[in-house]
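Summary of the model geometry
In case you want the letters, here they are:
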Amino acid sequence: MLDLDPSAPSRAGLAVGFDLDLTLADTRAGIAAVYAALAAETGVPIDTDQVVRRIGPPLEEELAYWFPPAEVPVMAARYRAMYAEVAVPATVLMPGASAALEAVRARGGRVIVVSGKNQADTERTVRFLGLAADAVAGGLFGADKGAVLREHGAGAYIGDHTGDVDAARAASAVAVAVATGAFDSAALTAYGADVVLPDLLAFPEWLGGFRTG
């Protein structure tokens, strides 16, 4: 985990956690490009439309749809070797991402980005997009995100995946879901999200009524 402000005097006060892929960052084009490159190198047909519809879980889970188990570790290493040059430059902000972080800052809060993407590429993506985060943690999915969120005292966690609802639950935080990924509003509500927003454009208004503690 990268703490961008290790001298911060306290973990008290407002802290909000955010997922990265399809919450703050639109990584679909970049991820599709890396899988297309893998397909070209290996000769294995990969349906990149299917890949981007499943963004969220760990890389190895997706690779297992396309490669035998014994080949997954090698393909994961190759994917990560290409990601910085191929995917990061193709990544753009999700609508409302900058305003969402600014809304947290306006309340004197801290922004914690916790992603399933590996640590190095999470940091690269945050830096490339100019996201103002106080701490960045990668390589975590679902409830495994909870420990980092607890460490930073996150009162809410915002994400697009049912796994992000699990993350919020594990941290005893409010689960705020945005319907910008694989799951629509109905699915996120049915799964148990406390709040479901259509996208981050609706986040500042919601945050205005959010009370911690």
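Below is a summary of the structure that appears in this document. (Residues numbered from 1 in each chain as written. Predicted model: local features only at pLDDT ≥ 70, side-chain atom pairs only at ≥ 80, totals over all residues. Heavy atoms only, no water.)

Brief notes about helix 6 (residues 119-129)
Given 3.6 residues per turn, any residue in an α-helix points the same way as the ones three and four places further on. The test is simple: Whether a residue is buried, partly exposed or exposed follows from its accessible area with a 1.4 Å probe, protein chains only, as a fraction of its type maximum: under 20%, in between, or over 50%, in that order. Helix and strand assignments follow DSSP, with helices taken as H or I runs no shorter than four residues and strands as E runs no shorter than two, numbered in order from the N terminus. When we speak of the arc, we mean the arc of directions from the helix axis to the C-beta atoms. It only takes one pair of heavy atoms within 4.5 Å for two residues to be counted as in contact. Think of a polar contact as two N or O atoms within 3.5 Å of one another; within protein, one of them needs to be a possible hydrogen donor and the other a possible acceptor, and neighboring residues in sequence only count if both atoms come from side chains.
Looking at helix 6, one finds that the buried residues are Asp121, Thr122, Thr125, Val126 and Leu129. Looking straight down helix 6, one finds its buried side chains confined to an arc of 135°; they lie on one side. Check the buried side of helix 6 and you find it contacts strand 3 (25-26), helix 4 (72-86), strand 4 (92-93), strand 5 (110-114) and strand 6 (135-137). Between a side-chain oxygen at the N-terminus of helix 6 and the backbone nitrogen of alanine 120 the separation is 3.2 Å; the capping residue is asparagine 118. Looking one or two residues beyond helix 6, the residue adopting positive phi is glycine 130, at roughly 70°.

Points about the packing of helix 1 (residues 28-42) against helix 4
What counts, and what does not: Fitted lines through C-alpha atoms give the axes, limited to the stretch in contact for helices. The angle between two N-to-C directions lies from 0 to 180 degrees. Oblique is the label for any angle not under 35 degrees, not over 145, and not in the 65 to 115 range, which are roughly parallel, roughly antiparallel and roughly perpendicular in turn. Working rule for handedness: look at the near helix, and if it is turned counterclockwise from the far one by less than a right angle, call the crossing left-handed; if clockwise, right-handed. Note on residue classes: Ala, Val, Leu, Ile, Met, Phe, Trp, Tyr, Cys and Pro are nonpolar, Asp, Glu, Lys and Arg are charged, and everything else, Gly too, is polar.
In the contact formed by helix 1 and helix 4, the axes pass within 9 Å of each other and the chain directions differ by 130°. Taken together, the axes of helix 1 and helix 4 lie oblique to each other. Here helix 1 runs over helix 4; the crossing is right-handed. Counting all contacts with helix 1, which are made through Gly30, Ile31, Ala33, Val34, Tyr35, Ala37, Leu38, Glu41 and Thr42, the residues of helix 4 involved are Met75, Arg78, Tyr79, Met82, Tyr83 and Val86. Among the residues making up the contact of helix 1 with helix 4, the classes are represented as eleven nonpolar, two polar and two charged.

Re the packing of aromatic side chains
Quick reminder of the rule: Any two of the Phe, Tyr and Trp rings considered here, Trp counted by its six-membered ring, make a pair once their centres fall within 6.5 Å; the pair's planes then place it as stacked at under 30 degrees, edge-to-face at over 60, or tilted in between.
All told, the structure shown has five aromatic pairs when counted by the stated rule. For the pair phenylalanine 18 and phenylalanine 203, a centre-to-centre distance of 5.5 Å together with 65° between the ring planes defines the contact as edge-to-face. With phenylalanine 18 in strand 2 (residues 15-18) and phenylalanine 203 in helix 10 (residues 203-208), the pair connects residues that are 185 residues apart, well separated along the chain. One exposure class covers both phenylalanine 18 and phenylalanine 203, and it is buried. An angle of 40° between the planes, with centres 5.7 Å apart, marks the rings of phenylalanine 203 and tryptophan 206 as tilted. With phenylalanine 203 and tryptophan 206 both in helix 10 and three residues apart, the pair spans about one turn of that helix. Residue phenylalanine 203 shares its accessibility class with tryptophan 206, and that shared class is buried.

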